[in-house]
Amino acid sequence: MTCGFVYHEDYLEHKTGPGHPECPERVASIVDVVRSSGLLQDLVEHKPSEAARASLEAVHSADHVARMHEVGKSSSARLGGGDTVVAPGSERAALLASGGVLESVQNVMEGTWSRAFVCCRPPGHHAEQSAAMGFCMFNHVAVAAAHLRKEAGLERVAIVDFDVHHGNGTQHLFEQDPSVFYASLHQWPHYPGTGAEGERGIGDGEGTTLNCPMAAGTGDKEWMNALESQVIRQLEEFRPQFLLISAGFDAHRRDPLSGTQLTTGIYRDITSRLRELAERQCEGRVVSLLEGGYNLEALAESVAVHLEAMR
Ligand SMILES: [Zn+2]
């Protein structure tokens, strides 16, 4: 049983500028901890290639994909209301992030790996069909879910998102699609404003969107409760054939972008429960990718315990 660890040094080449929370040091600090702790001995390192632009067009408009190629070609631009920097190395980093997630789901489908974690940036879950937003250019987890449905031919794919921010982009891309279950735990009310409990999907997709809004100040107990009583319970009924995790670690009590109070250890528990679910439901097939997490030390520690439960 092997777990992939997917990383490319060009994730560092997405230069967001001084003081930006979504900085290259995020993935560098994770790689430092993963190496120095010896965790890498239990993981299979893999360096991905860029995703083909055509595979992004399964969820994004061709205009958006072309725009991300043009914007930032020669100088730095600010999109999504100003928080999303697109600079000369950004498109390559984002394509390598989508590529890392795609190669991971392919390796897991082929049985080369059992599971994988993609240590990528920029993150993806706020990116909409035709817009960059919230530090995100391309929605990597959505690209992977679309691949699993359309190319791998799976009938049911689940995405669990425990980033402290609601994954508006992912929800919008699949809210009418009953074959992709999107479940999110997030602080609410909070950025980006979507993710109320009453948002449960639209039309045929009603019932395959699950939002668990968590108040500021909530901690390990409340989050674990919501995971067990809502996410796990509903996914047991959905019976996914593949589990994707939008793993953001910014609900940590030391994170500067949230008001929730999770401790490092909760990420081991959440991961173990999701892994058990995957072992019961989908032959253990899990691919997790990095979304948010902005306190460098808390982020690296949290990813380390996530990997302890993934390996
Ligand atoms: Zn976040």
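An account of the accompanying structure is given in this report. (Residues numbered from 1 in each chain as written. Predicted model: local features only at pLDDT ≥ 70, side-chain atom pairs only at ≥ 80, totals over all residues. Heavy atoms only, no water.)

Some remarks on the pairing of strand E2 (residues 43–46)
Judged from the four bridges that link them, strand E1 (residues 3–6) and E2 form a sheet pairing that is parallel. In the strand pairing of E2, glycine 4 is matched with valine 44. As for the winding sense of the linkage, the β-α-β connection from E1 through helix H1 (residues 25–36) to E2 is right-handed. (Pairing = 2+ DSSP bridges. Helix = DSSP H or I, 4+ residues; strand = E, 2+ residues; numbered from the N terminus. Right-handed = clockwise from strand over helix to strand, strands pointing away.)

Quick word on the pairing of strand E9 (residues 242–247)
Of all six residues in E9, six are buried; the element is thus mostly enclosed. Side chains of E9 alternate between two faces, with Phe242, Leu244 and Ser246 and Leu243, Ile245 and Ala247 buried alike. Taken together, the five bridges between strand E6 (residues 157–161) and E9 define a ladder with parallel strand orientation. In the sheet register, aspartate 161 faces E9, and the bridge partner there is serine 246. Direction of pairing for E9 relative to strand E10 (residues 286–290): parallel, over a ladder of five bridges. The residue of E10 that forms the bridge with serine 246 is leucine 289. (Buried < 20%, exposed > 50% of the residue type's maximum accessible area, 1.4 Å probe, protein only.)

Brief notes about the sheet that holds E10
Across the sheet, eight strands lie side by side as E2-E1-E5-E10-E9-E6-E7-E8; this open sheet has parallel pairing. For this open sheet the edge positions go to E2 and strand E8 (209–214), each flanked by a neighbour on one side alone. Each adjacent strand pair in this sheet contributes to an overall mean axis angle of 15°, direction not counted. With six bridges joining them, strand E7 (residues 180–187) and E8 adopt parallel strand pairing. Bridge assignment links tyrosine 182 to a residue of E8, and that residue is threonine 209. Contacts between helix H7 (residues 220–238) and the sheet are confined to E6, E7 and E8, with E7 contributing the most and set at about 175° to the helix. Each of strand E5 (115–118), E6, E9 and E10 touches helix H8 (residues 266–281); the most contacted strand, E9, lies at about 165° to it. (Axes fitted to C-alpha atoms, helices over the stretch in contact; angles between N-to-C directions. Contact = heavy atoms within 4.5 Å.)

Structural notes on helix H5 (residues 140–150)
Extensive coverage of H5 is indicated by the burial of nine of its eleven residues. Burial in H5 covers these residues: His140, Val141, Ala142, Val143, Ala144, Ala145, Ala146, His147 and Leu148.

Things to note about the packing of aromatic side chains
Evaluation of the coordinates by the stated rule reveals seven aromatic pairs. Relative to tyrosine 294, the ring of phenylalanine 135 has its centre 5.7 Å away and its plane inclined at 80°; by these criteria the two rings are edge-to-face. Taken together, the residues phenylalanine 135 in the loop between E5 and H5 and tyrosine 294 in the loop between E10 and helix H9 (296–310) connect sequence positions 159 residues apart. An identical accessibility class is assigned to phenylalanine 135 and tyrosine 294; each is buried. Aromatic rings pair up to connect Phe162, Phe249 and Tyr267 into one cluster. (Phe/Tyr/Trp six-rings, centres within 6.5 Å; stacked < 30°, edge-to-face > 60°.)

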